[in-house]
Amino acid sequence: MNLSNIYVVLSHPEESRNVGAACRAMANNGISHLRIVGKKEEIDDTKVRILAIHAASIWENAEFFDSVKEATADCVCSAGTTRRKGKKRKGKLLLPEEFAKYASEASTGKVAIVFGNERTGLTDEEIDECTMGVTIPSDDNFASLNLSHAVQILCYHMFREKNNKQTGYTPIALERLDKTVTSITDDLQQIGFFSKTGRKDMEKFWRDILSRSTLSEGEAQYLEKIFHKASGLANRNINKSSD
């Protein structure tokens, strides 16, 4: 696993000291890329540095975004951390070690691990913007973890996987994957596979399943050609039957 391709994303952190502690947890495990959804001016620089200690450079180089989707657009997959299960929480949630093995196969491209607000965690909408979910098992009587502790656990599992064999190609980023998803759903809609009201669910299905496949550029183009050709053949048969 290439740890330089692991990106920690903190969505709207409330406590500046937690940001500093998260930086230290990242540095402990050789991970240096931090992205934050929110405004930099809302975070207390002094409080961050108190707990970041010698990992302050991670904070200094942090990138800021307006949404989880924007913060992960150039990544090949994005894992939202959550302790709550359900249909709107990605259904099956991976354990940290399971996600680490998955990430090791995709780490020739950027991999995002997304952590929510300390009080509320990731919202359903933010989870929806991720391609998969990860959960850290904990006691039901006290299930909520401190933000920096959660960062430490996930980063540690990434660190442990770093010597695993990598794939021999670079998976496409989510921004590129979205173009493939649009191409597929355009073709499916053209042949009447679903109504306009069903398009959003279909796009979500393809985005989630294809992101787990860590497609190469060539594979993405091949998929697009398959669906485009199928759409053309279907329309040609429809025209023949109507003649």
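Everything below is about the structure printed above this text.
Residues numbered from 1 in each chain as written. Predicted model: local features only at pLDDT ≥ 70, side-chain atom pairs only at ≥ 80, totals over all residues. Heavy atoms only, no water.

Quick word on helix H9 (residues 199-211)
The cut-off we apply is this: Strands are runs of DSSP state E lasting at least two residues, helices are runs of H or I lasting at least four, and both sets are numbered from the N terminus onward. The length a helix should cover is 1.5 Å for every residue beyond the first. Relative accessibility thresholds used throughout: buried, under 20% of the residue-type maximum; exposed, over 50%; partly exposed, between the two (1.4 Å probe, protein chains only).
The terminal C-alpha atoms of H9 lie 18 Å apart, and with 13 residues this matches the ideal 18 Å at 1.5 Å per residue to within 8%. The complete set of buried residues in H9 reads Arg199, Met202, Trp206, Arg207, Asp208, Leu210 and Ser211.

What about the packing of helix H8 (residues 174-190) against H9?
Formally: Axis lines are fitted through C-alpha atoms, for helices just across the contact stretch, and the angle between N-to-C directions can take any value from 0 to 180 degrees. Small angles under 35 degrees read as roughly parallel and large ones over 145 as roughly antiparallel, with 65 to 115 read as roughly perpendicular and the rest as oblique. When the near helix sits turned anticlockwise from the far one by under a right angle, the crossing is termed left-handed; a clockwise turn instead gives a right-handed crossing. Residue contacts follow a heavy-atom distance rule, with two residues in contact if any of their heavy atoms lie within 4.5 Å. Under the convention adopted here, Pro, Cys and the residues Ala, Val, Leu, Ile, Met, Phe, Trp and Tyr are nonpolar, Asp, Glu, Lys and Arg are charged, and Gly plus all remaining residues are polar.
Between H8 and H9, the shortest axis-to-axis distance is 9 Å and the interhelical angle comes to 135°. If you check the angle between H8 and H9, you find them oblique. When the axes of H8 and H9 are compared, the crossing they make is right-handed. Along its contact with H8, which presents Leu174, Leu177, Asp178, Thr180, Val181, Thr182, Ile184, Thr185, Asp186, Leu188 and Gln189, the element H9 presents Arg199, Met202, Glu203, Trp206, Arg207, Leu210 and Ser211. Tallied by class, the residues present in the contact of H8 with H9 amount to 8 nonpolar, 5 polar and 5 charged.

Focus: the packing of aromatic side chains
Keep this limit in mind: A pair of Phe, Tyr and Trp rings is counted when the ring centres sit within 6.5 Å of each other, with Trp represented by its six-membered ring. The angle between the planes then sorts it: under 30 degrees is stacked, over 60 is edge-to-face, the rest tilted.
For the structure on display, the rule yields 4 aromatic pairs. Residues Phe99 and Tyr102 carry aromatic rings whose centres are separated by 6.4 Å and whose planes lie at 25° to one another, so their mutual orientation is stacked. Here Tyr102 and Phe99 lie together in helix H5 (residues 96-106), a separation of 3 residues that amounts to about one turn. What makes Phe99 buried here is its relative accessible area of 0%. Taking the relative accessible area as the measure of exposure, Tyr102 reaches 13% and is therefore buried. Look at Phe205 and Trp206: their rings are 5.5 Å apart centre to centre, the planes differ by 75°, and that puts the pair in the edge-to-face class. Classification of Phe205 by relative accessible area gives partly exposed; the value is 45%. An aromatic cluster is built from Phe205, Trp206 and Phe227, whose rings are joined through pairwise contacts.

Thoughts on the sheet that holds strand E3 (residues 63-65)
As a reminder of what qualifies: A pair of strands is labelled paired if DSSP reports no fewer than 2 bridges between them.
Ordered by their spatial adjacency, 7 strands build an open sheet running E3-E2-E1-E6-E4-E7-E5, and the pairing between neighbours is parallel. Unpaired on one side and paired on the other, E3 and strand E5 (93-94) mark the two borders of the sheet. Sheet topology places strand E2 (residues 33-37) next to E3; 3 bridges connect them, and they run parallel. Within the sheet, the bridge partner assigned to Ile36 lies in E3 and is Phe64.

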